[in-house]
Amino acid sequence: MSNRMWGGRFASGPAEIMEEINASIGFDKRLAPQDIRGSLAHVAMLGQAGILPAEDVAAIEAGLKSVRDEIEAGSFTFKRELEDIHMSVESRLTEIVGPAAGRLHTARSRNDQVATDMKLWVRDTLDSLDQQAADLQRALSQKSLKHADTVMPGFTHLQSAQPVTFGHHCLAYVEMLARDRGRFRDARARLNECPLGAAALAGTSFPIDRHATASALGFDRPTANSLDSVADRDFALESLAAASICAVHLSRFAEELVVWTSAQFNFVRLSDGFTTGSSIMPQKRNPDAAELVRAKSGRIIGALTGLLIVMKGLPLAYSKDMQEDKEGTFDALQALSLCLAALTGMVKDLEPNAEVLAQAAGSGYATATDLADWLVRELGLPFRQAHHVTGRLVGAASAKGVGLEELSLPEMQEAEPRITEAVYAVLGVANSVASRTSYGGTAPENVRQQAQSWIERLA
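Note that the structure is a prediction, hence the values are computed from the model and not measured.

**Description of the overall build of the protein chain**
In terms of helices and strands, the protein chain carries 18 helices and 6 strands. The dimensions of the protein chain, computed from C-alpha atoms along their principal axes, are 100 × 50 × 40 Å. Within the protein chain, buried positions represent 48% of all 459 residues. Considering only residue pairs separated by 6 or more positions, the protein chain has 75% of its internal contacts joining residues 24 or more positions apart.

**Examining a nonpolar patch on the surface**
Side chains of Ile17, Met18 and Ile21 sit close together on the surface and give an oily, nonpolar patch of about 350 Å² of accessible area. Inspection of the secondary structure assignment puts Ile21 in helix α1 (residues 16–22).

**Here we look at the side chain of Lys119**
By the element assignment, Lys119 lies in helix α6 (residues 110–146). Buried charge without a salt bridge: Lys119, with Asp232 as the nearest opposite-charge side chain at an N-O distance of 4.1 Å. Excluding anything up to four places from it in sequence, Lys119 contacts Leu191, Glu193, Pro195, Phe219, Thr223, Asp232 and Phe235.

**Here's the deal with the packing of α6 against helix α10 (residues 234–260)**
At a closest axis distance of 11 Å, the pairing of α6 and α10 adopts a crossing angle of 25°. It follows from the interaxial angle that α6 and α10 lie roughly parallel. Handedness of the crossing formed by α6 with α10: left-handed. Counted together, Ala115, Met118, Lys119, Val122, Leu126, Leu136 and Leu140 of α6 and Phe235, Ser239, Leu250 and Phe253 of α10 form the full contact between these two elements. Residues of the contact of α6 with α10, tallied by class, amount to 9 nonpolar, 1 polar and 1 charged.

**Describing the domain arrangement of the protein chain**
Annotation of the protein chain at the domain level lists domain 1 (16–103), domain 2 (110–205 + 220–359) and domain 3 (365–458). For domain 1 versus domain 3, the separation of C-alpha centres amounts to 69 Å.

**Some words on the nonpolar core**
Of all hydrophobic cores here, the largest spans 88 residues; its most connected members are Leu140, Leu250, Leu257, Leu336 and Leu340. Ranked by residues supplied to this core, first place goes to α10 with 14 residues. Apart from the residues lying within four places of it in its own chain, the contact partners of Leu340 are Leu129, Gln132, Ala133, Leu136, Leu177, Cys246 and Leu250. Of all hydrophobic cores here, the second largest spans 21 residues; its members include Leu371, Trp374, Leu404 and Ile419.

**Some points on the UniProt feature "domain: Argininosuccinate lyase C-terminal" (unreviewed entry) in the protein chain**
In the UniProt entry, the feature "domain: Argininosuccinate lyase C-terminal" (unreviewed entry) is given for residues 365–434. Split by type, residues 365–434 is 61% helix and 0% strand. Its first and last C-alpha atoms lie 17 Å apart.

**Notes on the pairing of strand β2 (residues 159–165)**
Where strand β1 (residues 151–156) lies against β2, 6 bridges are found, and the strand directions are antiparallel. Bridge assignment links Pro153 to a residue of β2, and that residue is Pro163. Hairpin remark: β1 followed by β2, antiparallel, with 2 residues in the connecting loop; positive phi at His157, about 60°.

**What about the pattern of salt bridges?**
A side chain of one charge can pair with a side chain of the opposite charge when the charged atoms of the two come close. One pass over the structure, following the stated rule, counts 26 salt bridges. In this structure, Asp84 and Arg110 form a salt bridge, with 2.8 Å as the shortest nitrogen-oxygen distance. In this pair, Asp84 sits in the loop between α4 (54–73) and α5 (85–97) while Arg110 sits in helix α6, placing the two residues 26 residues apart along the sequence. Of the charged contacts in the structure, one is a salt bridge between Asp130 and Arg181, with a shortest N-O distance of 2.8 Å. Note that Asp130 is positioned in helix α6 and Arg181 in helix α7 (residues 166–191), a separation of 51 residues in sequence.

**Side note on the environment of Ala148**
If you trace the backbone, Ala148 turns up in the loop between α6 and β1. On a C-alpha basis, the gap between Ala148 and Arg252 in space is 21 Å, while along the polypeptide they are 104 residues apart. With residues up to four places along the chain from it excluded, the contact list for Ala148 reads Thr165, Pro444, Val447 and Arg448.

**A look at unusual backbone geometry**
Here the bond from Leu316 into Ala317 is cis, since omega is 10°, no more than 30 degrees from zero. Assignment of secondary structure puts Ala317 in the loop between α11 (288–311) and α12 (325–349). Backbone geometry at His157 places phi at a positive 60°, although glycine is not the residue there. Tracing the chain through its elements places His157 in the loop between β1 and β2. Phi is positive for Ala199, close to 60°, though the residue is something other than glycine.

**Section: the environment of Ala59**
Topologically, Ala59 is positioned in helix α4. Taking the C-alpha atoms as reference points, Ala59 and Ser297, 238 residues apart in sequence, are found 46 Å from one another.

**Concerning α11**
Here α11 contains 24 residues, and its C-alpha end-to-end distance of 35 Å stays within 8% of the 34 Å for a straight helix at 1.5 Å per residue. Inspection of α11 places Ala290, Val293, Lys296, Ser297, Ile300, Ala303, Leu304, Leu307 and Met311 among the buried residues, and these make up the whole buried set. Looking at the buried residues of α11, the elements they touch are α9 (226–231), α10 and α12.

**What to know about the packing of aromatic side chains**
To describe a pair of aromatic rings, you give the distance between the ring centres and the angle between the ring planes. One pass over the full model with this rule turns up 7 aromatic pairs. Look at Phe76 and Phe78: their rings are 4.8 Å apart centre to centre, the planes differ by 55°, and that puts the pair in the tilted class. Here Phe155 and Phe267 contribute two aromatic rings whose centre-to-centre distance is 6.5 Å and whose plane-to-plane angle is 25°, an arrangement assigned as stacked. Of this pair, Phe155 sits in strand β1 while Phe267 is found in the loop between α10 and β5 (268–269), placing the two residues 112 residues apart along the sequence.

**Let's talk about the side chain of Ser39**
Summarising the element assignment, Ser39 is placed in helix α3 (residues 32–48). For Ser39, a relative accessible area of 1% corresponds to the buried category.

Procedures and definitions
- Residues numbered from 1 in each chain as written.
- Predicted model: local features only at pLDDT ≥ 70, side-chain atom pairs only at ≥ 80, totals over all residues.
- Heavy atoms only, no water.
- Helix = DSSP H or I, 4+ residues; strand = E, 2+ residues; numbered from the N terminus.
- Buried < 20%, exposed > 50% of the residue type's maximum accessible area, 1.4 Å probe, protein only.
- Contact = heavy atoms within 4.5 Å.
- Patch = residues over 30% accessible without salt bridge, like charges linked within 9 Å, V, L, I, M, F, W, Y side chains within 5 Å.
- Areas by Shrake-Rupley, 256 points an atom, 1.4 Å probe, with all protein chains shown as cover.
- Salt bridge = Lys/Arg side-chain N within 4 Å of Asp/Glu carboxyl O.
- Lys, Arg positive; Asp, Glu negative; His and termini not counted.
- Axes fitted to C-alpha atoms, helices over the stretch in contact; angles between N-to-C directions.
- Parallel < 35°, antiparallel > 145°, perpendicular 65-115°, else oblique.
- Left-handed = near helix turned anticlockwise from the far one by under 90°.
- Nonpolar A, V, L, I, M, F, W, Y, C, P; charged D, E, K, R; others polar.
- Domains from an automatic or database assignment.
- Core = buried A, V, L, I, M, F, W, Y, C linked by side-chain atoms within 4.5 Å.
- UniProt positions renumbered as here; feature names shortened; annotations may be inferred.
- Pairing = 2+ DSSP bridges.
- Expected span 1.5 Å × (residues − 1).
- Phe/Tyr/Trp six-rings, centres within 6.5 Å; stacked < 30°, edge-to-face > 60°.

And the structure:
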C-alpha cells in the first residue's frame, strides 16, 4: 500500500529498507514545536488572504493546538511509516478535524516547511547558547575579580614565560566568549528570513502574504528567492561554525583544567562534584568533566565538516541529502550547551592554590623580561643589547641554581657594570605584575577594572 499522504502516483508501498533509510521521524520529532508554530502561522495567513474559509481555519487551529498538547503531554504516537514530523502532525490533525486538515498544506511544501522548522529551531537554540555563554562569562568575571591579585605563571610554548594573575587568565576566556556570542548573534541575524511560502522550489500561484507569516514567526522578512529558500542550509553551517569555534575555546580551557588539577601542577582544586574516582586506584581524583568537554569539541567540529561535505555537491534546489542536516546539528548544538553548562559549574567550583601558583610564577626566570626592560628604561641600552645582558645573567643564575634576584650586585655588574641596587625592585613577581599597567595588561588594578566592567555589562 502506498503512503496515503503522498502516494497517489505509486501503486505499492516502499521496500522495507527504503522505509528504513528514508524515515526521519526518529530524530526530527524534536522539531514538533517549531512545525506546529509554522503551521499555525501559515493557516492564519491562508485565512486572512481569503484562501481558506474561516471555519476551516478555526478547525485547523484548534486541531493543531490539540496535537501540540498531546506531544507536550507525551501521549502522541510517532509512526515510522509517516516518515517525518510534518506528515505525523498532519496525519493526527486529519484524525482530529477530518477533511479540513488536508487544506493546511495549501500553498506550501515539505521543502519550505522543513527549512522554516529548522531555522526556528536553530534560532531558538542560538538564543539559548548565547545566554549560557553569558553565564560562563559572569562566572569567569566574578572569579577574576576575586583573584585579581593572585599571581601565577604565564606560559608560551607551555614554558614559564612571565608572571600574570589568575584573574587576568580568566578574563582571557571572557574575551573569547564575547567573540563567540558575537558570532552566535551574527548567525542569528543572517538566518532570520522566513522560507515559508517558497513552496517546493518555485513559489506558488496562490495569493499568499509571505510578509505576514514571516512577521508572525518573528522573522525580519521573507526570503527573496524561492530556489535559495529551500536549497539553503547556510544557517545551519554558520551556526555549526560558530559552535565549533566556541567548542575550541572551551576545549582549550578544559585542557588547562586537566593539566592544572594534576598532582604535578596542583594549580587549582575541583571538588567531588566535578571529579570522579578510579575503579582500581583509590587515590585518584580524575577531572572527567573537563576531559569530556575537551572531547566533545571533536563531535561538534565533526558535525560542521559532515554537513559541509553533504552540501558541497548538491545542485539546486532541494535534495533528500539535506535530511542529513538534522542529526549532526541537533547533536552538536546540544553538546555545546552541555559543555557550557559543565564549564560554568567548574569555574564556580574551582579554587586556585595561591601558594603553589606564586611559587611557580617565580620559577623559570619569569622576571627576565622585567630585567631587560629595566636595563632599557634606566640605563638606556638598546633592547637587543639588554636582551643579551639579561641572557648572560640568566645563564649565571642557572649555573648557580638560584633565581635572578639571588645574584649579588657584583655578579650582576660582571654582565653590565652600570647596574645598581635599584634593579632588585623589578625582580619580584608581585612587582612584575604590578608594572604591567598598559591597557589590557595583567596589573591587578587593570584586572579589577576589567572584571568589574564585565560584571556590570553582563548584569
